[in-house]
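# Breakdown of the fold
Given next are the chains, with one letter for each unit.
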Amino acid sequence: MKLYTKTGDKGLTRIIGGQKVRKNAIRVEAYGGVDELNSYLGVAISDLPDYPALRMELVEIQQILFDCGTDLATPDDSRGYRTDNAYTKWLEAKIDQYADVPPALKEFILPGGVPSAAKLQYCRTIARRVERQVVALQEVEPINEAVLTFLNRLSDYLYAIARYVNHEEGEPETVYRRSKTIFH
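To start, this report covers the structure provided alongside it. Remember, it's a predicted structure, so these values are computed and weren't measured experimentally. (Residues numbered from 1 in each chain as written. Predicted model: local features only at pLDDT ≥ 70, side-chain atom pairs only at ≥ 80, totals over all residues. Heavy atoms only, no water.)

### As for the overall build of the protein
- Secondary structure assignment for the protein yields 5 helices and 2 strands.
- Listing every helix and strand of the protein by position from the N terminus yields β-β-α-α-α-α-α.
- When its C-alpha atoms are laid out on the principal axes, the protein stretches across 50 × 35 × 30 Å.
- The burial tally for the protein puts 43% of its 184 residues in the buried class.
- Put simply, of all contacts in the protein between residues at least 6 apart along the chain, 75% involve residues at least 24 apart.
- Measuring between centres, the 24 positive side-chain charges of the protein sit 8 Å from its 26 negative side-chain charges. (Helix = DSSP H or I, 4+ residues; strand = E, 2+ residues; numbered from the N terminus. Buried < 20%, exposed > 50% of the residue type's maximum accessible area, 1.4 Å probe, protein only. Contact = heavy atoms within 4.5 Å. Lys, Arg positive; Asp, Glu negative; His and termini not counted. Charge placed at Lys NZ, Arg CZ, Asp CG, Glu CD.)

### Comments concerning the nonpolar core
- By size, the foremost hydrophobic cluster in this structure holds 46 residues, and its most contacted members are Leu 58, Leu 154, Tyr 157 and Leu 158.
- Among the elements of the structure, α1 (26-46), α2 (52-72), α3 (85-99), α4 (115-140) and α5 (145-168) are those that each provide at least two residues to this core.
- No other element matches the 12 residues that α5 contributes to this core.
- With residues near it in sequence (within four places) discarded, Tyr 157 still touches Leu 54, Glu 57, Leu 58, Ile 61, Leu 91, Lys 94, Ile 95 and Tyr 98. (Core = buried A, V, L, I, M, F, W, Y, C linked by side-chain atoms within 4.5 Å.)

### Observations regarding a nonpolar patch on the surface
- A contiguous nonpolar patch, built from Phe 108, Leu 110 and Tyr 176 and spanning about 290 Å² of accessible area, is present on the exposed surface.
- Relative to the elements of secondary structure, Leu 110 occurs in the loop between α3 and α4. (Patch = residues over 30% accessible without salt bridge, like charges linked within 9 Å, V, L, I, M, F, W, Y side chains within 5 Å. Areas by Shrake-Rupley, 256 points an atom, 1.4 Å probe, with all protein chains shown as cover. Salt bridge = Lys/Arg side-chain N within 4 Å of Asp/Glu carboxyl O.)

### Comments concerning the environment of Ile 182
- Mapped onto the secondary structure, Ile 182 falls in the segment after α5.
- What makes Ile 182 buried here is its relative accessible area of 10%.
- With 77 residues separating them along the chain, Ile 182 and Leu 105 place their C-alpha atoms 7.5 Å apart.
- In contact with Ile 182, other than residues within four places in its own chain, are Leu 105, Lys 106, Glu 107 and Phe 108.

Encoded structure:
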């Protein structure tokens, strides 16, 4: 099997359904962002050897992100979408599970901590960027709305587990020094 098609040599790619589009098309940017997030999640997973349950969850999220990318590469729902709101419900339960472990926040914190938590925070920022890309796509073309909802919740999940990992590792969070009281 050849890995190259030479379609890209002219700045084009094919989306699901066979249509050729420019590689910088907003749809390609959106599902390319999902791919980037998925790849960096792999980096974050590799840095969590002492958290087998968390690793399994993140691998499941990688599977879901493939579904999200497929849905974003599909110009309409004529072939059926893969991502549904059950994924978001699952994430919400996980967020609740992890968010209750570290102390409640009263101020903004800086991203960082132990390397694995810092990588999870970076994944969170990638998820937020991808969410913006999907919103931009949504403004001009139809999308599976469940993808957008999932990405929005995923960034919350990544924030929660980054805090959880820092807490479990005994790493104190760094408070943003000019933070006002939040979540009151």
